[in-house]
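Take a look at the letters that make up each chain.
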Amino acid sequence: MLMLIKNGRIVTATDDYTADIFIEGEKIKAIGKDLPVETGHAQSLQVIDATDKLVFPGGIDPHVHLDMPFMGTFSSDNYETGTRAALFGGTTMVIDFILQKQGNSLRAALEEWKGRSDTNCVGDYSFHMAVTDFNEHTKKEVKGMIEKEGISSFKTFMAYKGALMIDDRQMIGLMEEVKKHGGLINVHATNGDLIDYLVAKHRDEGKLSPLYHYLSQPEVTEAEASERFVDMANYTGCPGYIVHLTCEGALNAVRNATRRNQKVFVETCIQYLLLDASLYEKDFDGAKWVMSPPLRQKKDQETLWAGINQGLVQVVATDHCPFKWEQKLMGKDDFSKVPNGHPAIEHRMELLYSEGVNKGKITLNKYVEVACTNPAKIFGMFPRKGTIATGSDADIVIFDPNEKHTISASSHHMNVDYSGYEGWELTGKVKTVLLRGQVAIDDNKCLVEKGYGQFIKRSKVVQVI
Ligand code: URP
Ligand code: ZN
Ligand code: ZN
């Protein structure tokens, strides 16, 4: 299969120029001005005119939860619906989370997750391995996960006690082992004990609405845990990545780490840049935004945008973890039973463009850096993924920067019956998406089937940012 994308404005994390892209099979073969349409090959050539369009690398969302057992139910997008919705929004690859069951092995968890994901993905995918029980047995499994399975990042939870949380002793042991084998630790950095105390207190006082989910996770719960994580990573020398960082206090912990020359990667999520805690004042409707950590204040949004521009925040992900309204109703009489999570996999790229680039908060290059390139670099996939260069996978988004459209649950492709952004009018729309040289999305239709998405083995993590 040969393809030529003609005359697009190609934007990478570092470049911005107009040229043609020639694709052979799954890979980008050549980039240049006015590439000849004659190929000399027997195969037919498909030509896409990208005049007046932006051409980005495929987006990578390194934080999603598909078909995940959580809080007594499963997230409502499975690997098919979730990766397809991602493609509609220009995200060609996701990294999902395997959750080890406490008392069981990492291997058992990997097999369980393969059972749900294998042959079901439309877009490309990988896994982080969440270690919820670090012991002598788990320790021995770390090397094989990195070197054999291509799973080089290990997720840890400092909250959700009893199911997912590990203590500091386990964290340090895991860091030492992961460092030894060239991996990275990502962390949900909130103080689980303090949160559990506040949840119990609010419930005892009969304060049961979604607003109290927010009030049970004040900024200090995240700032304290982020600082502790950064200190443990510094002590062990293990590369660290804080997921879904939301607030000024937590980012200041990282700022201090960078002052002592320690590199800690930070991810925020699109919702923390755009939405704020006033949404919890809508009685039970606030359950749509019950997620952990919760939405914060406007001042935190400013801190996060500034953090992106200062290079302190390297990635904008989603933490896509959708639950249908009937699932959210599990907590109608008690905020602590509302399944935590919010749908966003489809709209991350368009929201970030419209609210970030179009409103002058970030440059186009920064946009590509945080949505496409840095996830590939941090998680061991660059330059196969995350850029437009000869030899890279032909994962490409053709984007109309001027087209206006409105987000609605009635037209989105995620398997969830509401949107956290209902009625938002955006400028800039994904028109065509290529995944490994195949047109996956065109004219608002998905042209690849489930099973097309491949599991991408990742290398040892290289800190090249
Ligand atoms: O609310 C959230 N974030 N749900 C998914 C699990 C997690 O903590 O990332
Ligand atoms: Zn989390
Ligand atoms: Zn998450």
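Preceding block: the structure.
The notes below deal with the structure included here. (Residues numbered from 1 in each chain as written. Chains lettered and ligands numbered in written order. Predicted model: local features only at pLDDT ≥ 70, side-chain atom pairs only at ≥ 80, totals over all residues. Heavy atoms only, no water.)

### Overview of the site of ligand 1
- All residues in the neighbourhood of ligand 1 are listed as His63, His65, Phe70, Tyr160, His188, His244, Met291, Ser292, Asp319, Cys321, Asn340 and Gly341.
- Within the side chain of His65, one N or O atom sits 3.2 Å away from an oxygen atom of ligand 1.
- Between ligand 1 and Tyr160 there is a distance of 2.7 Å, counted from an oxygen atom to a side-chain nitrogen or oxygen.
- The residue inventory of the shell around ligand 1, partitioned by class, reads four nonpolar, seven polar and one charged. (Near = heavy atom within 4 Å. Polar contact = N/O pair within 3.5 Å; in protein donor to acceptor, adjacent residues only side chain to side chain. Nonpolar A, V, L, I, M, F, W, Y, C, P; charged D, E, K, R; others polar.)

### Considerations on the packing of aromatic side chains
- Summed over the entire model, instances satisfying the criterion amount to 15 aromatic pairs.
- Members of the aromatic cluster, each reached through a chain of ring pairs, are Phe56, Tyr353, Tyr367 and Phe399.
- When the ring centre of Trp113 is taken as reference, the NZ or CZ atom of Arg116 above it lies at 4.4 Å.
- The positively charged end of Arg436 is found above the aromatic ring belonging to Tyr452, 4.5 Å away from the centroid. (Phe/Tyr/Trp six-rings, centres within 6.5 Å; stacked < 30°, edge-to-face > 60°. Lys NZ or Arg CZ within 6 Å of the ring centre and 35° of its normal.)

### Some details on helix H1 (residues 79–88)
- Counting buried positions along H1 yields eight of ten residues, so the element is predominantly enclosed.
- Check the buried side of H1 and you find it contacts strand E9 (91–99), helix H2 (106–117), strand E10 (124–130), strand E17 (425–435), strand E18 (438–442) and strand E19 (445–446).
- For H1, the N-terminal cap is Asn78; the gap from its side-chain oxygen to the backbone nitrogen of Glu80 is 3.0 Å.
- Downstream of H1 by one or two residues, Gly90 has phi in the positive range, about 90°. (Buried < 20%, exposed > 50% of the residue type's maximum accessible area, 1.4 Å probe, protein only. Helix = DSSP H or I, 4+ residues; strand = E, 2+ residues; numbered from the N terminus. Contact = heavy atoms within 4.5 Å.)

### Quick notes on the pairing of E10
- In terms of residue burial, E10 counts as a mostly covered element, since seven of its seven residues are buried.
- Here E10 shows two buried faces, one formed by Asp124, Ser126, His128 and Ala130 and the other by Tyr125, Phe127 and Met129.
- As paired strands, E9 and E10 are joined by seven bridges and run parallel to one another. From the neighbouring strand, Asp96 faces E10, where its bridge partner is Phe127. (Pairing = 2+ DSSP bridges.)

### A word on the coordination of the zinc ion (ligand 2)
- Coordination of the zinc ion (ligand 2) by the protein comes from His188 (ND1) and His244 (NE2), over a distance range of 2.1 Å.
- Coordination at the zinc ion (ligand 2) comes from four donor atoms whose angles at the metal span 56 to 150°, giving a geometry best classed as irregular. (Donors = N, O, S within 2.8 Å, 3.2 Å for Na, K, Ca; no water. Tetrahedral: all angles 85-135°; square planar, octahedral: opposite > 155°, others 65-115°.)

### With respect to the sheet that holds strand E13 (residues 240–242)
- Reading across from one edge, E6-E9-E10-E11-E12-E13-E14-E15 is the order of the eight strands in this open sheet, with parallel pairing throughout. Looking at the sheet topology across the chains shown, the edges are occupied by strand E6 (59–64) and strand E15 (315–317). Averaged over all adjacent pairs, the angle separating strand axes in this sheet is 30°, with direction ignored.
- Inspection of the sheet shows strand E11 (residues 153–157) paired to strand E12 (residues 184–188) by five bridges, in the parallel sense. Its bridge partner lying in E12, Ser153 is registered against Leu184. (Axes fitted to C-alpha atoms, helices over the stretch in contact; angles between N-to-C directions.)

### Description of the coordination of the zinc ion (ligand 3)
- Of the protein atoms, only His63 (NE2), His65 (NE2) and Asp319 (OD) coordinate the zinc ion (ligand 3), at distances of 2.0 to 2.2 Å.
- Of note, the zinc ion (ligand 3) draws all its donor residues from one chain, in the sequence arrangement H-x1-H-x253-D.
- The metal-metal distance between the zinc ion (ligand 3) and the zinc ion (ligand 2) is 3.8 Å. With His65 in the loop between E6 and strand E7 (69–70) and Asp319 in the loop between E15 and helix H11 (325–328), the pair connects residues that are 254 residues apart, well separated along the chain. Accessibility assignment for this pair places His65 and Asp319 in one class, buried.

### Describing the nonpolar core
- Membership of the largest hydrophobic core comes to 123 residues, with the highest contact counts inside it found for Phe56, Met129, Met171, Ile242, Leu352 and Tyr367.
- No other element matches the eight residues that helix H13 (residues 364–378) contributes to this core.
- Among all residues touching Phe56, those that are not within four sequence positions of it are Val11, Tyr353, Leu364, Tyr367, Val368, Ile388, Asp395, Ile396, Val397 and Phe399.
- Val55, Ala394, Ile398 and Leu434 belong to the second largest nonpolar core, which has 16 residues in total. (Core = buried A, V, L, I, M, F, W, Y, C linked by side-chain atoms within 4.5 Å.)

### Here's the deal with the side chain of Ser117
- On the secondary structure map, Ser117 appears in helix H2.
- Note on Ser117: relative accessible area 0%, which makes it buried.
- Every residue in contact with Ser117, bar those within four places of it in the chain, is listed here: Tyr79, Tyr125 and Phe127.

### A short note on the pattern of salt bridges
- The final tally for this structure, using the stated rule, is 39 salt bridges.
- Lys161 is paired through a salt bridge with Asp193; the nearest N and O atoms lie 2.7 Å apart. In this pair, Lys161 sits in the loop between E11 and helix H4 (168–180) while Asp193 sits in helix H5 (residues 192–204), placing the two residues 32 residues apart along the sequence.
- Here Asp193 falls in the partly exposed class, since its relative accessible area comes to 42%.
- The network of salt bridges with shared partners includes Glu26, Lys27, Asp124, Arg384, Lys385, Asp393, Asp395 and Arg436. (Salt bridge = Lys/Arg side-chain N within 4 Å of Asp/Glu carboxyl O.)

Function-wise, these values are silent; they only describe arrangement.
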